[in-house]
Amino acid sequence: MKGLPLDQYLNKVVGDYSKLDSLQSQFRLLIKRMYDRRIAHGDLQHGNILIEDDRMVLVDYDGMYVPSPVGLRECRTRSSQLSASKKKQFSIQW
């Protein structure tokens, strides 16, 4: 995947308020959708958020948690379960 890690992209667009506003909107929508679906990335940090063509892309899913649809088992991308502390870290204050 090409694209710039979030921190490098931010350094590149400092002062371009239209790009920063767009990025802020994308990030808020991403977090809201993950929260609403109770999805945890497990390692959400600047190196795992890439910006490609002004679009935000998440990478590195090895710690991701996705709850199961009704009647199916939950999906974890790592063989061990996420710790309770990681699940608590997914709590978002609006």
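Read on for a plain summary of the structure. Computed from a predicted structure; not experimentally measured.

Notes on the pairing of strand 3 (residues 55-58)
Alright, step 1. Here four bridges tie strand 2 (residues 49-52) to strand 3, and the two strands are oriented antiparallel to one another. Paired with isoleucine 51 across the strands is methionine 56, a residue of strand 3.
Alright, step 2. Counted along the chain from strand 2 to the antiparallel partner strand 3, the turn is two residues long, and its residue aspartate 53 has a positive phi close to 55°.

Here we look at the side chain of asparagine 48
Alright, step 1. Examined against the element boundaries, asparagine 48 turns out to sit in the loop between helix 2 (17-36) and strand 2.
Alright, step 2. Asparagine 48 gets classed as buried once you look at its relative accessible area, which sits at 6%.
Alright, step 3. Polar side-chain contacts of asparagine 48 include one of 2.7 Å to the backbone oxygen of aspartate 43.
Alright, step 4. If sequence neighbours within four positions are ignored, asparagine 48 has contacts with His41, Asp43, Val57, Leu58, Val59 and Asp60.

Some thoughts on the sheet that holds strand 3
Alright, step 1. Within the open sheet, the three strands sit side by side as 1-2-3. Their pairing is antiparallel. Each edge of the open sheet carries a strand with a single partner, namely strand 1 (4-5) and strand 3.
Alright, step 2. Along the sheet, helix 2 contacts strand 2 and strand 3; its crossing angle with strand 3, the most-contacted strand, is approximately 35°.

Re unusual backbone geometry
Only a minority of non-glycine residues have a phi that is not negative, and only a minority of peptide bonds are not trans.
Alright, step 1. In the Ramachandran plot, arginine 38 falls in the positive-phi region, its phi being about 60° despite a non-glycine side chain.
Alright, step 2. Within the fold, arginine 38 resides in the loop between helix 2 and strand 2.
Alright, step 3. We classify arginine 38 as exposed; its relative accessible area is 57%.

Thoughts on the nonpolar core
Alright, step 1. Among the nonpolar cores identified, the biggest contains 11 residues, and these are Leu6, Tyr9, Val13, Leu23, Met34, Ile39, Ile49, Ile51, Met56, Leu58 and Met64.
Alright, step 2. Broken down by secondary-structure element, the contributors of at least two residues to this core are helix 1 (6-13), helix 2, strand 2 and strand 3.

As for helix 1
Because the α-helix completes a turn every 3.6 residues, residues three or four places apart line up on one side.
Alright, step 1. Taken residue by residue, helix 1 has Leu6, Tyr9 and Val13 as its buried positions. In an axial view of helix 1, the angular spread of the buried residues amounts to 65°, which keeps them on one side of the axis.
Alright, step 2. Turning to helix 1, the residues buried within the fold contact strand 1, helix 2 and strand 2.
Alright, step 3. Glycine 15 sits one or two residues past helix 1 and shows a positive phi near 95°.

Reading guide: rules and limits
- Residue positions are given per chain, counting from 1 as you read along its sequence in written order.
- Residue-level local features of this predicted model are given only where pLDDT is at least 70; pairs of side-chain atoms are given and counted only at 80 or more, and the full residue set underlies all totals for whole chains, interfaces and linings.
- Here the side-chain values reflect all heavy atoms present in the structure, with hydrogen atoms and water set aside.
- Whether two strands pair depends on DSSP finding at least two bridges between them.
- Numbering of helices and strands runs from the N terminus; a helix is a DSSP stretch of H or I covering at least four residues, while a strand is a stretch of E covering at least two.
- Accessibility here uses a 1.4 Å probe with only protein chains present; expressed as a share of the type maximum, an area under 20% marks a residue as buried, one over 50% as exposed, and anything in between as partly exposed.
- In protein, a polar contact requires one atom able to donate a hydrogen and another able to accept it; more generally it is a pair of N or O atoms within 3.5 Å, and residues adjacent in sequence count only if both atoms are side-chain atoms.
- Here, two residues are considered to be in contact whenever any of their heavy atoms come within 4.5 Å of each other.
- Here, axes are lines fitted to C-alpha atoms. For helices the fit covers the stretch in contact, and angles between N-to-C directions go from 0 to 180 degrees.
- Throughout, nonpolar core names a set of buried Ala, Val, Leu, Ile, Met, Phe, Trp, Tyr and Cys residues whose side chains join them through atoms within 4.5 Å.
- Arc definition: directions from the helix axis to the C-beta atoms.

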